[in-house]
Amino acid sequence: MRYWFPYPLLSLSLLALWLLINQSLSIGHILLGSTLGISWAWIMVNLQPDKTRLHKLRRIAVLTGRVAVDVVRSNLTVMRVILGTGSRPVNSGFVAIDLSLRDDNALALLACILTATPGTAWLEFDRQTGVLTIHVLDLENGARWSDLIKCRYEAPLKEIFE
């Protein structure tokens, strides 16, 4: 049974996503979604992702809340920048951040968080030096951004994943 369904939650999640995207519960869509879900699970077996053990699960809820608040704040800030209601000109720029985070899954989640937050974009992460480069739409202070990411995101991710 484990051979046919190596990642059952992944297969079920992909099936559910397929059905939601197509907005249909027809037999054809269920069969096609199931086939795609099982196929992608087999592909994941061949990729051999690292197994991660999560620690301090309560921190996940705190991190999720922080991300939700930050996404709303960033949406409002980007809206002000686009509409030109700010009192100063926009100064976009790049920020280099020294990260001590090394878990691949934690880094992937950090990339998702930064990319999902309007006004920021993950550009590059150098594994040898641990330096992350991001682009910020409205950059006032690069050191403030570095501290914000290290305290609000990196610290909880380290507690959860390492």
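Anyway, here's the lowdown on the structure attached to this text. Since this is a predicted model, take the numbers as computed values, not measurements.

With 22 residues, the main nonpolar core has Leu110, Leu132, Ile134, Ile149 and Tyr153 as its most contacted residues. Mapped by element, the contributors of at least two residues to this core are helix H3 (58–83), strand S1 (93–98), helix H4 (104–116), strand S3 (131–136) and helix H5 (142–161). By residue number, the principal contributor to this core is H5, which donates 6 residues. In this structure, Ile134 is in contact with Gly93, Phe94, Val95, Ile97, Leu114, Ala121, Trp122, Leu123 and Ile149, ignoring residues within four places of it in sequence.

Turning next to unusual backbone geometry. With a phi close to 50°, Gln23 is a non-glycine residue in the positive phi region. With respect to the helices and strands, Gln23 occurs in the loop between helix H1 (8–22) and helix H2 (27–47). For Lys56, which is not glycine, the phi dihedral falls at a positive 50°. Within the secondary structure, Lys56 sits in the loop between H2 and H3. According to the relative accessible area criterion, Lys56 is exposed, its value standing at 55%.

We now examine H3. With 26 residues, H3 ought to run about 38 Å at 1.5 Å a step, and its terminal C-alpha atoms sit 38 Å apart, in line with that. Within H3, the full set of buried residues consists of Leu63, Val67, Asp70, Ser74 and Val78. Those residues of H3 that are buried are in contact with H4 and H5. Note on H3: the residue one or two positions beyond its end, Gly84, has a positive phi of about 75°.

Moving on to the packing of aromatic side chains. Considering all chains together, one arrives at 1 aromatic pair under this definition. Judged by centre distance (6.2 Å) and plane angle (40°), the ring pair of Trp122 and Phe125 falls under tilted. A relative accessible area of 22% places Trp122 in the partly exposed class.

Strands in a sheet are paired, the pairing made by backbone hydrogen bonds, and the direction either parallel or antiparallel. Spatially, the 3 strands line up as an open sheet ordered S1-S3-S2, and their pairing is antiparallel. Because the sheet does not close on itself, it has two edges, and the strands there are S1 and strand S2 (120–126). Ignoring strand direction, the axes of neighbouring strands in this sheet form an average angle of 25°. With 6 bridges connecting them, S2 and S3 associate as antiparallel partners. Note that in S3 the partner of Asp126 across the bridge is Val131. Helix-sheet contacts for H4 involve S2 and S3, and the interaxial angle to S2 is about 150°.

Conventions we followed
Residues numbered from 1 in each chain as written. Predicted model: local features only at pLDDT ≥ 70, side-chain atom pairs only at ≥ 80, totals over all residues. Heavy atoms only, no water. Core = buried A, V, L, I, M, F, W, Y, C linked by side-chain atoms within 4.5 Å. Buried < 20%, exposed > 50% of the residue type's maximum accessible area, 1.4 Å probe, protein only. Helix = DSSP H or I, 4+ residues; strand = E, 2+ residues; numbered from the N terminus. Contact = heavy atoms within 4.5 Å. Expected span 1.5 Å × (residues − 1). Phe/Tyr/Trp six-rings, centres within 6.5 Å; stacked < 30°, edge-to-face > 60°. Pairing = 2+ DSSP bridges. Axes fitted to C-alpha atoms, helices over the stretch in contact; angles between N-to-C directions.

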